[in-house]
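Tertiary structure, described
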Amino acid sequence: MEAVNSPHATHFYAVSHFLFQAQQTCNNRCVVDFQIKDLSAMEKECANACVQKHMVIMKDVAKF
């Protein structure tokens, strides 16, 4: 098994943490009705816009 060096592990953790936080933020802001299994069109549109904005931020910050 190949050893994982610290910078790669740190980068993986940072990206994973950012994506988790983005998912949590988008879910909290966009999903309004937990009684229905499926997302409404408004919830889907909000979530898509939210995730896209987070991906732009991540790309700018992480310099991918």
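Reference entry: report on the structure contained in this document. From a predicted model like this one, the values you see are computed outputs, not experimental measurements.

On to helix H2 (residues 41-62). Across its 22 residues, H2 extends 31 Å between first and last C-alpha, which sits within 8% of the 32 Å expected from 1.5 Å per residue. Lining the buried residues of H2 we find helix H1 (6-30).

This part is about the state of the cysteines. Applying the stated criterion across every chain, the model contains two disulfides. Disulfide pairing places Cys-26 opposite Cys-50 at an S-S distance of 2.0 Å. Handedness of the Cys-26-Cys-50 disulfide follows from its S-S torsion of about -85 degrees: it is left-handed. Placement of Cys-26 in helix H1 and of Cys-50 in helix H2 is noted, with a sequence separation of 24 residues between them. The exposure class of Cys-26 is buried, given its relative accessible area of 3%. Cys-30 shares a disulfide with Cys-46; S-S distance 2.1 Å. Between Cys-30 and Cys-46, the S-S dihedral sits near -65 degrees, and the bridge is therefore left-handed.

Rules used in this analysis
- Residues numbered from 1 in each chain as written.
- Predicted model: local features only at pLDDT ≥ 70, side-chain atom pairs only at ≥ 80, totals over all residues.
- Heavy atoms only, no water.
- Helix = DSSP H or I, 4+ residues; strand = E, 2+ residues; numbered from the N terminus.
- Expected span 1.5 Å × (residues − 1).
- Contact = heavy atoms within 4.5 Å.
- Disulfide = S-S within 2.5 Å.
- Buried < 20%, exposed > 50% of the residue type's maximum accessible area, 1.4 Å probe, protein only.

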